[in-house]
Amino acid sequence: MIVFDRASKRYPNGREGLSNASLRVEEGEMVFLTGRSGAGKSTVLKLIALLERPTRGTVVVGGKNTASLAPRHIPAFRRRIGIVFQDHKLLTERPVFDNVALPLVVAGTPLKEIDKRVRAALDQVGLLGKERALPLELSVGEQQRVGIARAVVSKPPLLIADEPTGNLDPDLAVEVMRLFKRFQEVGVTIVVATHDVHLVRELGLREIVLDHGHVQGADIDPLAGMIATR
Amino acid sequence: MSLGLTSYGARHVQAFLASLGRLARSPFSTFLTLIVIALALVLPLGLELFVTNARLATGGFANAIDLSVYFKTDVPLAKAEQLAKSARARAGIAQIDVISADAALAEFRAYSGFGAALGVLNANPLPHVLHVHPASDAESAASLEALRSYFAAWPEVDVVQIDAQWVTRFNAILEVLRRLLVIAAAILGAGVVAVIGNTIRLEILNRRGEIEVTKIVGGSNGFVRRPFLYAGILYGLGGALLAWGIAASAIGMLAAPVATLARTYGSRYTLVGPTAQDLVLLIAGGVILGWLGAWLSATRHLRSIEPRA
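The present account deals with the structure reproduced in this document. (Residues numbered from 1 in each chain as written. Chains lettered and ligands numbered in written order. Predicted model: local features only at pLDDT ≥ 70, side-chain atom pairs only at ≥ 80, totals over all residues. Heavy atoms only, no water.)

**Observations concerning the packing of helix H9 (residues 221-264) of chain B against helix H10 (residues 276-304) of chain B**
All names here are of chain B. With their axes 7 Å apart at the nearest point, H9 and H10 run at an angle of 150° to one another. Note on packing geometry: the crossing formed by H9 with H10 is right-handed. Of the residues belonging to the contact of H9 with H10, the class tally is 18 nonpolar, six polar and one charged. (Axes fitted to C-alpha atoms, helices over the stretch in contact; angles between N-to-C directions. Helix = DSSP H or I, 4+ residues; strand = E, 2+ residues; numbered from the N terminus. Left-handed = near helix turned anticlockwise from the far one by under 90°. Nonpolar A, V, L, I, M, F, W, Y, C, P; charged D, E, K, R; others polar.)

**Considering the sheet that holds strand S3 (residues 30-34) of chain A**
Residues and elements named next belong to chain A. Here six strands make up an open sheet; going across it, the order is S6-S7-S8-S3-S9-S10 and the pairing mixed. The open sheet terminates on both sides in strands that have one partner only, identified here as strand S6 (81-84) and strand S10 (214-215). The pairing of strand S9 (residues 206-211) with S10 spans two bridges and is antiparallel. By the bridge assignment, leucine 210 is partnered in S10 with valine 215. In the packing of helix H5 (residues 140-152) onto the sheet, the strands contacted are S6 and strand S7 (158-162), and the crossing angle to S6 comes to about 170°. (Pairing = 2+ DSSP bridges. Contact = heavy atoms within 4.5 Å.)

**So, the environment of phenylalanine 114 of chain B**
All names here are of chain B. Here phenylalanine 114 is to be found in the loop between helix H4 (101-112) and helix H5 (115-118). Phenylalanine 114 sits in the partly exposed class, given a relative accessible area of 49%. Note: C-alpha distance between phenylalanine 114 and isoleucine 35 (79 residues apart in sequence) is 59 Å. (Buried < 20%, exposed > 50% of the residue type's maximum accessible area, 1.4 Å probe, protein only.)

**Quick notes on the sheet that holds strand S1 (residues 67-71) of chain B**
Two modes of strand pairing occur in sheets, parallel and antiparallel, and in both the strands are linked by backbone hydrogen bonds. Residue and element names in this part refer to chain B. Across the sheet, four strands lie side by side as S2-S3-S1-S4; this open sheet has antiparallel pairing. For this open sheet the edge positions go to strand S2 (93-99) and strand S4 (157-162), each flanked by a neighbour on one side alone. Between one strand and the next, the sheet's axes are offset by a mean angle of 20°, whatever the strand orientation. Pairing geometry for S1 and S4, over five bridges, is antiparallel. Bridging across to S4, valine 69 finds its partner in valine 160. Across the sheet, helix H3 (residues 77-88) is in contact with S1, S2 and strand S3 (129-134); its angle to S2 comes to roughly 175°.

In structure tokens:
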């Protein structure tokens, strides 16, 4: 589903977000990106969602090389990825329903279908009945779940989450992770960036450790590793 | 297919209603913008109405470029009528009226108020006159001049008079105003594009966060731009309607005094307001300019807003 081949990202301010990183996430897998803040977790997610492009190397997502994707094809590309942000990125002046419906609206889904799917997504995150609430009327945990509902409402094959539990207390964090796990069980590929290593160990799922923009440990794709050591 | 079209239409309706709602939610600033647009549109419209009314008010005589052919006093009426008959055969003449000296005197006696004084005269001092009405295709200065020299060449004719110079001048003034109207419309139209473009730019900056999120979830530039285009169209439409209202009420306020003024000239002329055609032109102009301003602004500024997570 996702292949990074010696991908590097240098930001305009000179900071190296990611250096020569090679990694691979299989379809239907749930993977954690861990490491301290600034280690490159967010950069990996941005490169996956085409919010940034690699300065060197290649990033292939869902069989598409992100470097060669024309700008006009980016919207359709992003519709196949659900993104959950630490700060939710909800539209605060719009009710929950509108927020969750947004990915369907931009995709031109018929209104009836939107109604059905938004309710289903809200049901999955346990927020059915909160459609008319404004995001700021909800608790932080509920806001995060609205963000998750928005990410999954269009049933994307890939879900990425950047510190989705960063602002949540441990109980809520576990609940959110269980939610992700349920999506994985129905075939969604999931990449979660988090610094909460205890939670990751508890779930016993694969972990890609980043440090100063480098991929650590044995997760390096053997082929890429061979080329890198040559 | 029909489902696709329906949802496409529904999305447009949705974007339209969203834009309308957004404008309605900030009525004061929307109204200020509409006023600026309306003022820019009402000026060319006002000029257009002025030219139309001036043409109509003077239409009765502006088209009546007549030649008066005065015979020498010793020319008998039979001769005058014979000459009129031969002139009627000539091209470029719509009508010739022969006014005999007696008829002219009778008319003069009736209308001038000198009736009693005229009784003192033993003989009629007036000549026979031909009123020549040129054909409508012969009203140019050159053909009028040709007509004049044609009549002047007759030995029986004393004087040929054309009272057309002021008409020519007046028509020239109207032509200048008409050109001014085109120039004003072009300049003010550019102004409307700029005003709407700037309004849309501010709106885009205000909604930056929303635009970013929309792009993150896969909204295309076209999708993000659509409500702004509708906003531009609504601004143009609202401005045009307001301009029409301003022009119509100005005409309404002027109608009575203008009619009074016209009556003092013995005219039954009344002011003509904006027509349905003016309204259609105004709305089309407003909508196109609004769309253009919004499109230029949105295309330029939306490109610079890319999501940065």
